[in-house]
Amino acid sequence: MSKLATIYGGSGFVGRYIAKRLADEGWRVRVAVRRPNEAIHVKTYGVPGQVEPVLCNIRNDDSVRVAMSGADAVVNCVGTFDKSGKNNFNAVQHVGAESIARIASEESVDCMVHISAIGADLNSESVYCKTKAMGEIAVTGHFPDAVILRPSVIFGPEDGFFNRFASMARFGPILPIVGADSRFQPVYVDNVAEAAVRGATGEAEPGTYELGGPEVRSFRALVNEMLAVIRRRRLVLNIPFRVASVMGFFMELAQTSSFGFISAMITRDQVASLRSDTVVGENSRGLRELGIQPVAIGTVLPDYLWRFRPAGQYEAIKESAKNLRA
């Protein structure tokens, strides 16, 4: 019988790519999510019955154990940007990660992969980054041979980075950002998935890997590249950190008072995390050590950002017509 992998959060942005790659390699895949009825799309990643969504809440040990039953490998992709509520930073990224690792050890799972983030640091001003670090420590405490992946900002068709700012660029001549000079090293989502599969199949040595693409760019430079792809001219306006923190406070207040109906565009925790660069450390293991060729931003962005161009899919035709008239 083919091997079985349980992917916690396997229907999300990164998890779905991991599920697809494992299915392509002949694994049976169990996608553990809170709402299986909203994860039906994962079934198409393999032959009938090969990839199945199952109910799981990582805050419940019994739920985690049932989803893991019989698994040869476990991948934890669960993360959150919500600092409040039941599924907050600590509950998901620390306590939840610890539960998965502890139960994986108790169930004698062969391999475990944990998706963290560059910037994970116990001394960070950002609670997001701090709980990521706490999660890593908890995971290795229970499962010393785990493979921990720390990606920089992840890009791809379903990303929440380039898609978000491309959408914002459709309205008005100014595009505000926070931390314009902060540096990022964007990594392609399928590169992250490939790294996770190397860990799940036992091909990667245990330990921590920081994942970044071939280019290190400032936030402003990345936004300008995105604007070039979507054929829009906008003034990229940097908002000072102090001003952004005040804005974050009032946006969080509006979100709380509206019971979540109004979503905060920026939070104080996000502002804190933007104060630091998100790039691969000089002496860190990464994609190269995993034998993975990183994909450049420019080779992928046009494939999914074309819909934000003024004429959408017809923009190229309009440009060709202008050349003919000239």
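Fair warning: this is a prediction, and the values are worked out from it, not measured in the lab.

(A) Region of the structure containing the overall build of the chain. Looking only at helices and strands, the chain has eleven helices and 13 strands in total. Radius of gyration (C-alpha) of the chain: 20 Å, near the 20 Å computed for a compact globule of 326 residues. Based on the C-alpha atoms only, the size of the chain along its principal axes is roughly 65 × 45 × 40 Å. Looking at the chain residue by residue over its 326 residues, the buried ones come to 49%. Partitioning the intrachain contacts of the chain with sequence separation of at least 6 by distance along the chain shows that 75% fall at a separation of at least 24. Counting only carbon and sulfur atoms, one obtains 53% of the accessible surface of the chain, whose full area is about 15,800 Å². Charge separation in the chain, taken as the distance between the mean sites of 37 positive and 34 negative side-chain charges, equals 9 Å.

(B) Examining the nonpolar core more closely. Within the largest apolar cluster, 72 residues are counted, with the highest numbers of intra-cluster contacts made by I18, L22, L149, F162, L211, M226 and L305. Those residues in contact with M226, other than ones at most four positions away along the chain, are F162, F165, A166, L175 and L305.

(C) Summary view of the packing of helix α2 (residues 61–68) against helix α3 (residues 89–106). For the pair α2 and α3, interaxial distance at closest approach is 10 Å and the crossing angle is 50°. Judged by the inter-axis angle, α2 sits oblique to α3. Between α2 and α3 lies a crossing of right-handed hand. Side by side, α2 and α3 meet where D61, V64, R65 and M68 of the first sit next to S99, I100, R102, I103, A104 and E106 of the second. Considered class by class, the residues forming the contact of α2 with α3 number five nonpolar, one polar and four charged.

(D) Spotlight on the side chain of T267. Relative to the assigned elements, T267 resides in the loop between α8 (241–257) and α9 (268–274). When its relative accessible area of 18% is taken as the criterion, T267 is described as buried. Among residues more than four places away in sequence, those in contact with T267 are G248 and E252.

(E) Geometry of the layout of surface pockets. Space inside the second largest pocket adds up to approximately 270 Å³. Forming the walls of the second largest pocket are 16 residues, and the residues nearest its centre are G212, G286, L287, R288 and E289. A per-class count over the lining of the second largest pocket returns five nonpolar, seven polar and four charged.

(F) Fine view of a positive patch on the surface. Side chains of R34, R35, R59 and K86 sit close together on the surface and give a patch of like positive charge. For R34, the position within the fold is in the loop between β2 (28–33) and β3 (51–55). Judged by its relative accessible area of 43%, R34 is partly exposed.

(G) Spatial organisation of the packing of aromatic side chains. Throughout the structure, instances matching the rule amount to twelve aromatic pairs. Centre to centre, the rings of F13 and Y17 are 6.4 Å apart; their planes meet at 90°, and the pair counts as edge-to-face. With F13 and Y17 both in helix α1 (residues 13–24) and four residues apart, the pair spans about one turn of that helix. Ring centres of F161 and F184 lie 5.9 Å apart, and the angle between their planes is 50°; on these two criteria the pair is classed as tilted. Remark: F184 occurs in strand β9 (residues 183–184) and F161 occurs in the loop between β7 (154–155) and α5 (162–168); sequence separation between them is 23 residues. Of the two residues, F161 and F184, both sit in the buried class. Feature note: the residues F155, F161, F162, F165, F184, Y188 and F219 constitute an aromatic cluster, connected by ring pairs. Here the guanidinium or amino end of R164 rests over the ring plane of F165, the centre of that ring lying 5.7 Å away. A cation over an aromatic ring shows up here: R285 above the ring of Y209, its NZ or CZ 4.4 Å from the ring centre.

(H) Local environment of the pattern of salt bridges. Applying the stated criterion to the full structure yields 17 salt bridges. Between D61 and R102 there is a salt bridge, with its nearest N and O atoms 2.7 Å apart. Of this pair, D61 sits in helix α2 while R102 is found in helix α3, placing the two residues 41 residues apart along the sequence. Residue classification places D61 among the partly exposed residues on the basis of a relative accessible area of 28%. Judged by its relative accessible area of 22%, R102 falls in the partly exposed class. We note a salt bridge from R65 to E107, for which the minimum N-O separation is 2.9 Å. With R65 in helix α2 and E107 in the loop between α3 and β5 (111–115), this residue pair connects regions lying 42 residues apart in the sequence. Take R65: its relative accessible area is 28%, and that puts it in the partly exposed class.

Procedures and definitions
- Residues numbered from 1 in each chain as written.
- Predicted model: local features only at pLDDT ≥ 70, side-chain atom pairs only at ≥ 80, totals over all residues.
- Heavy atoms only, no water.
- Helix = DSSP H or I, 4+ residues; strand = E, 2+ residues; numbered from the N terminus.
- Rg over C-alpha atoms; globule rule 2.2 N^0.38 Å.
- Buried < 20%, exposed > 50% of the residue type's maximum accessible area, 1.4 Å probe, protein only.
- Contact = heavy atoms within 4.5 Å.
- Areas by Shrake-Rupley, 256 points an atom, 1.4 Å probe, with all protein chains shown as cover.
- Lys, Arg positive; Asp, Glu negative; His and termini not counted.
- Charge placed at Lys NZ, Arg CZ, Asp CG, Glu CD.
- Core = buried A, V, L, I, M, F, W, Y, C linked by side-chain atoms within 4.5 Å.
- Axes fitted to C-alpha atoms, helices over the stretch in contact; angles between N-to-C directions.
- Parallel < 35°, antiparallel > 145°, perpendicular 65-115°, else oblique.
- Left-handed = near helix turned anticlockwise from the far one by under 90°.
- Nonpolar A, V, L, I, M, F, W, Y, C, P; charged D, E, K, R; others polar.
- 1 Å grid on protein atoms, 1.4 Å probe; cavity = no way out; pocket = protein on both sides within 12 Å on 5 of 7 lines; lining within 4 Å.
- Points joined across faces, edges and corners; volume = space filled by probe spheres on them.
- Patch = residues over 30% accessible without salt bridge, like charges linked within 9 Å, V, L, I, M, F, W, Y side chains within 5 Å.
- Salt bridge = Lys/Arg side-chain N within 4 Å of Asp/Glu carboxyl O.
- Phe/Tyr/Trp six-rings, centres within 6.5 Å; stacked < 30°, edge-to-face > 60°.
- Lys NZ or Arg CZ within 6 Å of the ring centre and 35° of its normal.

Taken by themselves, the reported measurements are silent on function.
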